[in-house]
Amino acid sequence: MPEPTYLFLDTEWADQAGSELVNIALISEDGSQVFYAERDPLPEEPTDFVRQVVYPLLDRGEVAMPDAVMTTALRKFIAGTREPYVLADYPNDLKLLRHVIAGFDDLGVDAATHGLIPNPVTTLMLKDGLMAMLVEDWFASHPEDAARRHHALIDAQALRMAWLAATRRIQADWARQDYLGPNRNQ
């Protein structure tokens, strides 16, 4: 059985209900595969937090996509990934991923025009405990990323790094070792 390609997911949304996607990011375990997209147009009535914190972080330009284009690009990205296994730390991230893959609410986003509908394996990771501490350590030791926290790609990268440290795939000199325990590779 082929090894899965772990993809770390983060999204931002504009409304309290979590239904209005702002941006979405996926980054592979080795960092070589990255998908990042922002909605165009952006939701018109974001919360104050989103208006003041999230919108100013957005890249816009070529990553700003209409819904159908984003669906096509995401389907293509996932289809080009060997054994995709998506990890997220919040249930709404997975919900929004499925929403984009499905074509948002546009029933005209079909497989013939926009690519086959992939069905990657998805897993919700615990957001507290070790993972939360490692995410905070990552941001504390990377102030340039901390300044852009709540940008989906930055947050997906932090989740990726925390998972790599927690699973001992990397030696995390930025993480407090007291809660990682002895290195099982020694």
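As shown above, the structure is provided for reference.
First, a word on scope: everything that follows refers to the structure included in this document. (Residues numbered from 1 in each chain as written. Predicted model: local features only at pLDDT ≥ 70, side-chain atom pairs only at ≥ 80, totals over all residues. Heavy atoms only, no water.)

So, the overall build of the protein
Move 1: Summing up its helical and strand segments, the protein has seven helices and six strands in all.
Move 2: Listing each helix as α and each strand as β along the protein from the N terminus yields β-β-β-α-β-α-β-α-α-β-α-α-α.
Move 3: Counting all 186 residues of the protein, 49% fall into the buried class.
Move 4: Put simply, of all contacts in the protein between residues at least 6 apart along the chain, 66% involve residues at least 24 apart. (Helix = DSSP H or I, 4+ residues; strand = E, 2+ residues; numbered from the N terminus. Buried < 20%, exposed > 50% of the residue type's maximum accessible area, 1.4 Å probe, protein only. Contact = heavy atoms within 4.5 Å.)

Some remarks on the layout of surface pockets
One water molecule sets the probe size; rolling that probe over the atoms shows where empty space is left.
Move 1: In this structure, the largest pocket encloses a volume near 500 Å³.
Move 2: Looking at the largest pocket, it is lined by 24 residues, and the ones nearest its centre are Asp10, Glu12, Lys127, His150 and Asp155.
Move 3: Of all elements in the fold, only strand 1 (5–13), helix 1 (48–54), helix 5 (130–141) and helix 7 (152–166) reach the threshold of two or more residues within the lining of the largest pocket.
Move 4: Sort the elements by how many residues they give to the lining of the largest pocket and strand 1 lands first, with five residues.
Move 5: Tallied by class, residues from the lining of the largest pocket come to eleven nonpolar, four polar and nine charged. (1 Å grid on protein atoms, 1.4 Å probe; cavity = no way out; pocket = protein on both sides within 12 Å on 5 of 7 lines; lining within 4 Å. Points joined across faces, edges and corners; volume = space filled by probe spheres on them. Nonpolar A, V, L, I, M, F, W, Y, C, P; charged D, E, K, R; others polar.)

Thoughts on helix 5
Move 1: Compared with the 16 Å implied by 1.5 Å per residue over twelve residues, the 16 Å span of helix 5 between its first and last C-alpha is a close match.
Move 2: Listed in full, the buried residues belonging to helix 5 are Met131, Leu134, Val135, Asp137, Trp138 and Phe139.
Move 3: Looking at the packing, one finds that the buried side of helix 5 touches helix 6 (143–146) and helix 7. (Expected span 1.5 Å × (residues − 1).)

Focus: the sheet that holds strand 1
Move 1: Ordered in space as 4-3-2-1-5-6, the six strands form an open sheet in which the pairing is mixed. Edge strands, defined here as strands with exactly one partner in the open sheet, are strand 4 (64–65) and strand 6 (121–124).
Move 2: Docked against the sheet, helix 2 (residues 67–79) engages strand 1, strand 2 (21–28), strand 3 (34–39), strand 4 and strand 5 (84–88), running at close to 170 degrees with respect to strand 3.
Move 3: The strands that helix 3 (residues 91–102) touches are strand 1, strand 2, strand 5 and strand 6; relative to strand 1, the one it contacts most, it runs at about 95 degrees. (Pairing = 2+ DSSP bridges. Axes fitted to C-alpha atoms, helices over the stretch in contact; angles between N-to-C directions.)

Observations concerning the pairing of strand 2
Move 1: Within strand 2, eight of the eight residues are buried, which leaves the element mostly enclosed by the surrounding structure.
Move 2: Examined bridge by bridge, strand 1 and strand 2 share seven bridges and lie antiparallel to one another. For phenylalanine 8, the partnering residue across the bridge sits in strand 2 and is isoleucine 27.
Move 3: Here five bridges tie strand 2 to strand 3, and the two strands are oriented antiparallel to one another. Residue pairing in the sheet places alanine 25 in a bridge with tyrosine 36 of strand 3.

Observations regarding the side chain of glutamine 157
Move 1: If you trace the backbone, glutamine 157 turns up in helix 7.
Move 2: Residue class for glutamine 157 comes out buried when judged on its relative accessible area of 19%.

Quick notes on the pattern of salt bridges
Move 1: With the rule as written, the count across this model stands at eight salt bridges.
Move 2: With a shortest N-O distance of 3.5 Å, arginine 39 and glutamate 20 are connected by a salt bridge. Here glutamate 20 lies in the loop between strand 1 and strand 2 and arginine 39 lies in strand 3, a separation of 19 residues in the sequence.
Move 3: What makes arginine 39 buried here is its relative accessible area of 11%. (Salt bridge = Lys/Arg side-chain N within 4 Å of Asp/Glu carboxyl O.)

Things to note about the packing of helix 5 against helix 7
Move 1: With their axes 8 Å apart at the nearest point, helix 5 and helix 7 run at an angle of 120 degrees to one another. Taken together, the axes of helix 5 and helix 7 are oblique relative to one another. Helix-helix and strand crossings are classified by hand; for helix 5 and helix 7 the assignment is right-handed. In contact with Leu130, Met131, Leu134, Val135, Trp138 and Phe139 of helix 5, helix 7 contributes Ile154, Asp155, Gln157, Ala158, Leu159, Met161, Ala162, Trp163, Ala165 and Ala166.
Move 2: Its residues assigned to classes, the contact of helix 5 with helix 7 shows 14 nonpolar, one polar and one charged. (Parallel < 35°, antiparallel > 145°, perpendicular 65-115°, else oblique. Left-handed = near helix turned anticlockwise from the far one by under 90°.)

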